[in-house]
Amino acid sequence: MEVIVLPGPDDVARVAADVVAGVVRRRPGAVLGLATGSSPVGVYAELARRVAAGELDLSGVRGFALDEYVGLPAGHPESYAAVIGRDVTGRLGLDPARVHVPDGRAADLEAAAEDYEQAIAAAGGVDVQLLGIGANGHIGFNEPTSSFGSRTRLKTLAPRTRADNARFFDSPDEVPMHCLTQGLGTILGARRLLLVAQGSAKAEAVAAAVEGPLTSMCPASALQLHPRATVVVDEAAAARL
Ligand code: GLP
């Protein structure tokens, strides 16, 4: 695992954007694994800046989101479909027809999860998977105890994750109980992993992921199994390494 520690969040965004841009330059039709949450926001902003400046063209890439809430009404602004559409597809000039999010409103969620796995496989797999990390070590919505071999499936959100994400909703009760998330096995199938973390609230999770034992209690420790995983963190998030 490559661990890059940088002074601040802007440096994290720049270096992570360099990695994504490098992949797309080599392969304009690259498949990007898209993360939501606040961690990758700076990376998307930096990529959007480069696209606007004509330095980068992302119009040929394909994208797969990591996860989606289950049960939010269509068009809810905090559904990950809406977040990806607003913050990623639109701003980065991606083709909406090539950007996929698990269907958290499907009548048959199990079938939706299987379809998602098949769509990723049909696209030839993910070239670079961008990841944030939850304070409890989750990646995607793979909460502690998630199996390292897991595939896209229905999961129950941990109380800590619901509390952490309550800031995006009008009230904590509005945060869904369930989600569809790519599994750890799905994530490990990407050709390259790129995890970004900023701030002291992530320091413990980053240390557990990078230096702790391989354990399903810290799902992000699964990155230790990947031959090409890069962790880009600022000094605050690196404080416990
Ligand atoms: C969210 C997302 C994850 C994200 C993590 C950290 O709930 N499902 O993909 O990496 O939790 O969130 P944040 O980056 O906002 O701290």
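Since the structure is predicted, the reported quantities are computational estimates derived from the model, not experimental observations.

Draft legend 1. Local environment of the overall build of the protein chain. A count of helices and strands for the protein chain gives seven helices and 10 strands. Taking 241 residues into account, the globule formula puts the C-alpha radius of gyration at 18 Å, and the protein chain, at 16 Å, falls close to it. Viewed in the frame of its principal axes, the protein chain has a C-alpha envelope of about 40 × 40 × 35 Å. Across the protein chain, the fraction of contacts at a sequence separation of at least 24, relative to all contacts at a separation of at least 6, is 79%. As displayed, the protein chain offers around 10,000 Å² of accessible surface, 53% of which is attributable to carbon and sulfur atoms. Charged side chains in the protein chain number 22 positive and 28 negative. The centres of these two groups are separated by 5 Å.

Draft legend 2. How the structure looks around the side chain of Gln182. Position of Gln182 among the secondary structure elements: in the loop between strand E8 (178-181) and helix H6 (184-188). Given a relative accessible area of 1%, Gln182 falls into the buried group. The contacts of Gln182, once residues within four sequence positions are left out, are Phe64, Ala65, Leu66, Tyr116, Ile120, Gln129, Asn142, Arg151, Thr152, Arg153 and Ile187.

Draft legend 3. Highlighting the packing of aromatic side chains. Taken as a whole, this structure holds five aromatic pairs when the rule is applied. Pairing Tyr69 with Tyr80 gives two aromatic rings, centres 4.8 Å apart and planes at 45°, and the pair type is tilted. Placement of Tyr69 in strand E4 (residues 67-69) and of Tyr80 in helix H3 (residues 80-92) is noted, with a sequence separation of 11 residues between them. Of the two residues, Tyr69 and Tyr80, neither departs from the other in class, the shared state being buried.

Draft legend 4. Molecular detail of helix H1 (residues 9-26). When the terminal C-alpha atoms of H1 are compared, their 26 Å separation across 18 residues agrees well with the 26 Å that a helix rising 1.5 Å per residue should span. Every buried residue of H1 is listed here: Val12, Ala13, Val15, Ala16, Ala17, Val19, Val20, Ala21, Gly22, Val23 and Val24.

Draft legend 5. Region of interest: the pattern of salt bridges. One pass over the full model with this rule turns up 11 salt bridges. Arg49 is the salt-bridge partner of Glu46, the closest N and O atoms lying 3.0 Å from each other. Residue Glu46 and its partner Arg49 are located together in helix H2 (residues 41-52), separated by three residues, close to a single helical turn. Residue Glu46 is classed as buried on the basis of its relative accessible area of 14%. For Arg49, a relative accessible area of 43% corresponds to the partly exposed category. Of the charged contacts in the structure, one is a salt bridge between Asp95 and Arg98, with a shortest N-O distance of 3.4 Å. With relative accessibility at 26%, the residue Asp95 sits in the partly exposed group. Three or more residues are tied together by salt bridges with common partners; here these are Asp18, Glu46, Arg49 and Arg50.

Cut-offs used in this document
- Residues numbered from 1 in each chain as written.
- Predicted model: local features only at pLDDT ≥ 70, side-chain atom pairs only at ≥ 80, totals over all residues.
- Heavy atoms only, no water.
- Helix = DSSP H or I, 4+ residues; strand = E, 2+ residues; numbered from the N terminus.
- Rg over C-alpha atoms; globule rule 2.2 N^0.38 Å.
- Contact = heavy atoms within 4.5 Å.
- Areas by Shrake-Rupley, 256 points an atom, 1.4 Å probe, with all protein chains shown as cover.
- Lys, Arg positive; Asp, Glu negative; His and termini not counted.
- Charge placed at Lys NZ, Arg CZ, Asp CG, Glu CD.
- Buried < 20%, exposed > 50% of the residue type's maximum accessible area, 1.4 Å probe, protein only.
- Phe/Tyr/Trp six-rings, centres within 6.5 Å; stacked < 30°, edge-to-face > 60°.
- Expected span 1.5 Å × (residues − 1).
- Salt bridge = Lys/Arg side-chain N within 4 Å of Asp/Glu carboxyl O.

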